[in-house]
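Fold and geometry: a report
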Amino acid sequence: MIQRSVVALFLLYLLLPLSGILGFTLLDGGRLTLAHYRQSLGDAEFAAYMAHSLVLAAGTVVLGVSLMTFTTFWVHMRARSLKPLLELTAFLPFVVPAVTLALGLIQLYSRPPLPLTGTATLLVLAYTVLTLPFAYRAVENGLAAIDSRTLSEAAQSLGAGWWRRFLTVIVPNLWPGITSAALLGFALVMGEFTLALFLVGSAYETYPLYLNQVWRTDPKYGAALAVLSFLITWASSVAILWTSRRAPGQMQGAALR
Amino acid sequence: MAFLVLEGLSKTFGHTAALSDVTLSVERGELVSLLGPSGCGKTTTLRIVAGFETPDRGRVLLDGRDLTGVPPERRGFGMVFQHYSLFPNMTAAQNIGYGLRVARRPAREIRRRVGELLELIGLLDAGERYPHQLSGGMQQRVALARALAIEPRILLLDEPLSALDAKVRVTLRNEIRRIQTRLGITALYVTHDQEEALSLSDRVVVMSRGCIEQVGPPEEVYGEPRTEFTASFIGSMNRLAGVAGADGTLAYRGQILRLPPDAAVPAGRAATLVVRPEAITLTVDGGPPPSGRANVLAGTLVTRTFLGPVVRLIVDVDGEYLSVDVPGAQRRAYPQGGRVWLSFDPGAAIVMVPSAAMEDGGT
């Protein structure tokens, strides 16, 4: 009974605001309508900015997760003494506020040798930093769970070099962790506002920026876009989960220990 | 020259000396086990041979070639680990074929070889199963097959049976010996289990505190331990510590015992007479001490422990507990608390003269 009430409260907490927005977008003058959703079909900006966000999210996930998986494994195997440093570094993005990070990055990248301010590249790099804590935790937990040292040594005794061991033995067994890191990173980028506003702004407008802009002029359409954004992020997450489930043999790693 | 030679290996971790000056030769086709308690340096030795550790001093030679600087992946040594080290994301067959895929062997050859190996380890039906669907014993069989698949020049086994239960352990160790003999493969086997080492090795290397105590065939290491550590670590031993007399005798707790005929201990030196429990004969004290055997002690039977084929009796001899093994069938012949005679042949005992560097080993 208590369990059920807790779950019900939790769902209410999560779904109430969403259903509020949903209701707001579906009702117009007391009548049910899909007009605000239909509006998005003819909206070229909607498609373009959504595409921007998806590209940024994909780039961030690929870069952030592969960087952190490799680094964490390398430190785990070869440089144990650096582990506290890595842990600290990986958690810095949690400590530094987004605005501070943005201002710092603008200072650094507004002039040569790397004039990146206003480019999507800088945004991907900044987002990669933001996803490090998630990627680090997920990979580190995975490494601790599979006795990666023994697995790596076993592969090594069978003739496998560093990259081969990493790609054929370590990565497949870290797959559940890598997947969750990817999901978190993806969702993070799809909803990120501050860095996008400060670093790139209108030069490479992202979906959250567009949403903010629409919301001011046309609240009904803005709310509909928010619901769409939620659905697209959710569908993408399901797609990531689905592809990773189909990766060869990945679930065995999770099932063993 | 021997096939595998370890030459003066030394290794220190932090301030702890893990190995000091370990030298050993292994002949082609031989199974040599490294036996000792945890922390004796046996695993470090194996890991140096595998290439996972670099010795501070000394070198490893294979067929006369120095392996220093050759990374593990280029040594061509198969290794079986203590913990299940199968790749969880691959089936048993894929695990076995891994080394062959790394070596870019043709797919057909890999399939054939994997099939042969699955048959060799008796798991022909289990090829498509994942490690978590196999029992511990089966996993270690697959790990063995995986190491053998690359036709290793040397097979290294790091306590491969220690995580298994007793019955599987015995079956599998016979299996390992059978396969090793059949393939004529040279093997180095690390274990802390003396029974395992004695039953499957051509030679046993007894190690303690980073040094080799004794190297020899199982019978020799068991029957003629050369150090007190070997004596106490392998099998059970009674240690009768006393002072040597002038004419090949030992004063032990107010009684005079004869030392083995070939022992030459200067009078007045402290010496220990070491006797295996099965070398002592027990007689119920109903009359005079048994004649014909030179060394006789009187004692009281304290406890009996049934060990299956034998019963171990603990006898209190003037405050010191000695162990005596008698056949299990005779266990009722010796009442607890009864007076008994212990007798043994001086020739069945070994004398140890403690030195400054004497080891004090456990059992």
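Residues numbered from 1 in each chain as written. Chains lettered and ligands numbered in written order. Predicted model: local features only at pLDDT ≥ 70, side-chain atom pairs only at ≥ 80, totals over all residues. Heavy atoms only, no water.

1. Overview of the packing of aromatic side chains
Residues and elements named next belong to chain A. Note the threshold: The rule is short: rings of Phe, Tyr and Trp, with Trp giving its six-membered ring, pair when the centres are within 6.5 Å, and they are stacked under 30 degrees, edge-to-face over 60, tilted in between. Under the DSSP-based scheme used, a helix requires at least four consecutive residues in state H or I and a strand at least two consecutive residues in state E, with every element numbered from the N terminus. Under the scheme applied here, a residue whose accessible area is under 20% of the maximum for its type counts as buried, over 50% as exposed, and between as partly exposed, the area being computed with a 1.4 Å probe on protein chains only. Any Lys NZ or Arg CZ found within 6 Å of a ring centre and within 35 degrees of that ring's normal is scored as a charge over the ring.
Applying the stated rule across the entire model yields 13 aromatic pairs over all chains. Aromatic pair Phe 70 and Trp 163: ring centres 4.9 Å apart, planes at 10°, arrangement stacked. Of this pair, Phe 70 sits in helix α3 (residues 44–78) while Trp 163 sits in helix α8 (residues 162–191), and the two are 93 residues apart along the sequence. A residue is classified by how much of its surface remains accessible, and Phe 70, at 25% relative accessible area, is partly exposed. Relative to Phe 166, the ring of Trp 163 lies with its centre 5.9 Å away and its plane at 80°, an arrangement referred to as edge-to-face. One end of the pair, Trp 163, and the other, Phe 166, are both in helix α8, 3 residues apart, so they sit about a helical turn from each other. Judged by its relative accessible area of 5%, Phe 166 falls in the buried class. Chaining the aromatic ring pairs together yields one cluster made of Phe 70, Phe 73, Trp 162, Trp 163 and Phe 166. Geometry around Phe 24 places Lys 220 over its ring, the cationic atom sitting 4.1 Å from the centre.

2. Some words on the environment of Pro 335 of chain B
Note on placement: Pro 335 of chain B falls in the loop between β18 (320–327) and β19 (339–344). We classify Pro 335 of chain B as partly exposed; its relative accessible area is 45%.

3. Examining the pairing of strand β14 (residues 270–275) of chain B
Looking along a regular strand, one sees side chains alternate from face to face of the sheet. Residues and elements named next belong to chain B. Threshold: Should DSSP find at least two bridges between two strands, the strands are taken to pair.
Burial analysis of β14 places 5 of its 6 residues in the buried class, the great majority of the element. Bridging between strand β11 (residues 238–244) and β14 involves 6 bridges; their strand directions are antiparallel. Within β14, the residue paired with Leu 240 across the bridge is Leu 273.

4. What to know about the confidence of the model for chain A
Heads up, the condition is: The predictor attaches a confidence to each residue, called pLDDT, with possible values from 0 through 100. In what follows, residue pairs with any heavy atoms lying within 4.5 Å of each other are defined as contacts.
Confidence in the prediction of chain A, expressed as mean pLDDT, is 83, and 95% of residues score 70 or more. Low confidence marks residues 248–257 of chain A, where pLDDT is under 50. Its contacts with residues over four positions away, or in another chain, come to 22 contacts.

5. Some points on the domain arrangement of chain B
Reports of interface size often rely on the accessible area that becomes lost once the parts have come together. Residues and elements named next belong to chain B. To be explicit about the condition: As used throughout, domain bounds are those supplied by an automatic or database domain assignment. When two parts are put together, the accessible area they lose, computed with a 1.4 Å probe and summed over both, is reported as buried area. Any carboxyl oxygen of Asp or Glu that lies within 4 Å of a side-chain nitrogen of Lys or Arg is treated as forming a salt bridge with it. The definition of a polar contact used here is a pair of N or O atoms within 3.5 Å, where within protein one atom must be able to donate a hydrogen and the other to accept one, and adjacent residues in sequence count solely through side-chain atom pairs.
According to the domain assignment, chain B consists of domain 1 (4–231) and domain 2 (236–352). For domain 1 versus domain 2, the distance between C-alpha centres works out to 39 Å. On the domain 2 side, the residues contacting the 9 residues of domain 1 number 8 residues. At the boundary of domain 1 with domain 2, total buried surface from both sides reaches about 680 Å², with 49% on carbon and sulfur atoms. On the domain 1 side of the interface with domain 2, the three residues burying the most area are Tyr 222, Glu 228 and Ala 231, jointly 74% of the side's total. Viewed at the interface, domain 2 and domain 1 are joined by 1 salt bridge. Close ionic contact of Glu 228 with Arg 239 constitutes a salt bridge, the shortest N to O distance being 2.7 Å. Inspection of the domain 1/domain 2 interface yields 3 residue pairs in polar contact (both at pLDDT 80 or more). Elements with a minimum of two residues in the side of domain 1 that touches domain 2: α7 (218–223) and α8 (228–233).

6. Overview of the sheet that holds β18 of chain B
All names here are of chain B. Definition in use: Angles here are taken between N-to-C directions and fall from 0 to 180 degrees, while the axes themselves are lines fitted to C-alpha atoms, restricted in helices to the stretch in contact.
Taken in spatial order, the 5 strands make up an open sheet running β15-β19-β16-β17-β18, and their pairing is antiparallel. Looking at strand neighbours, the two that pair on one side only are β15 (281–284) and β18, the edges of this open sheet. Each neighbouring strand pair of the sheet contributes to a mean axis angle of 45°, computed without reference to strand direction. Here strand β16 (residues 295–306) runs beside β19; their pairing, made up of 6 bridges, is antiparallel. The residue bridging Asn 295 from the neighbouring strand is Phe 344, located in β19.

7. Observations regarding helix α6 (residues 120–145) of chain A
We apply this condition: In this scheme, a helix's expected span is set at 1.5 Å multiplied by one less than its residue total. One axis fitted to the seven residues ending at a residue, another fitted to the seven starting there: the angle between these axes is the bend at that residue.
In a regular helix each residue adds 1.5 Å, so 26 residues correspond to 38 Å; α6 of chain A covers 36 Å between its end C-alpha atoms and thus fits that length. Bending of α6 of chain A peaks at approximately 45° at the position of Thr 131 of chain A, with proline Pro 133 of chain A no more than four residues after it.

8. Overview of the layout of surface pockets
Rule in force here: Of the two site types, the cavity is a set of points on a 1 Å grid over the protein atoms alone where a 1.4 Å probe fits but cannot get out, and the pocket is an open set with protein on both sides within 12 Å along at least five of seven lines, each lined by residues with an atom within 4 Å of a point. Grid points are joined across faces, edges and corners, and a volume is the space filled by probe spheres set on the points. We call Asp, Glu, Lys and Arg charged. Ala, Val, Leu, Ile, Met, Phe, Trp, Tyr, Cys and Pro are nonpolar, and the rest, Gly among them, are polar.
By volume, the largest pocket is sized at about 360 Å³. For the largest pocket, the lining is made up of 17 residues, of which Val 61, Val 65, Trp 175, Ile 178 and Ala 182 of chain A are closest to its centre. Here the lining of the largest pocket gets 8 residues from one element, more than from any other, and that element is α8 of chain A. Residues of the lining of the largest pocket, tallied by class, amount to 12 nonpolar, 5 polar and no charged. Considering only enclosed or pocket space, the second largest pocket measures out at about 220 Å³ in volume. Taken together, 15 residues make up the lining of the second largest pocket; nearest its centre are Met 77, Arg 78, Glu 153 and Gln 156 of chain A together with Phe 52 of chain B. Looking at the lining of the second largest pocket, the elements that each hand over two or more residues are α3, α7 (148–157) and α8 of chain A. In terms of residue count, α7 of chain A provides more of the lining of the second largest pocket than any other element does, 4 residues in total. A class-by-class count of the residues in the lining of the second largest pocket yields 5 nonpolar, 3 polar and 7 charged.

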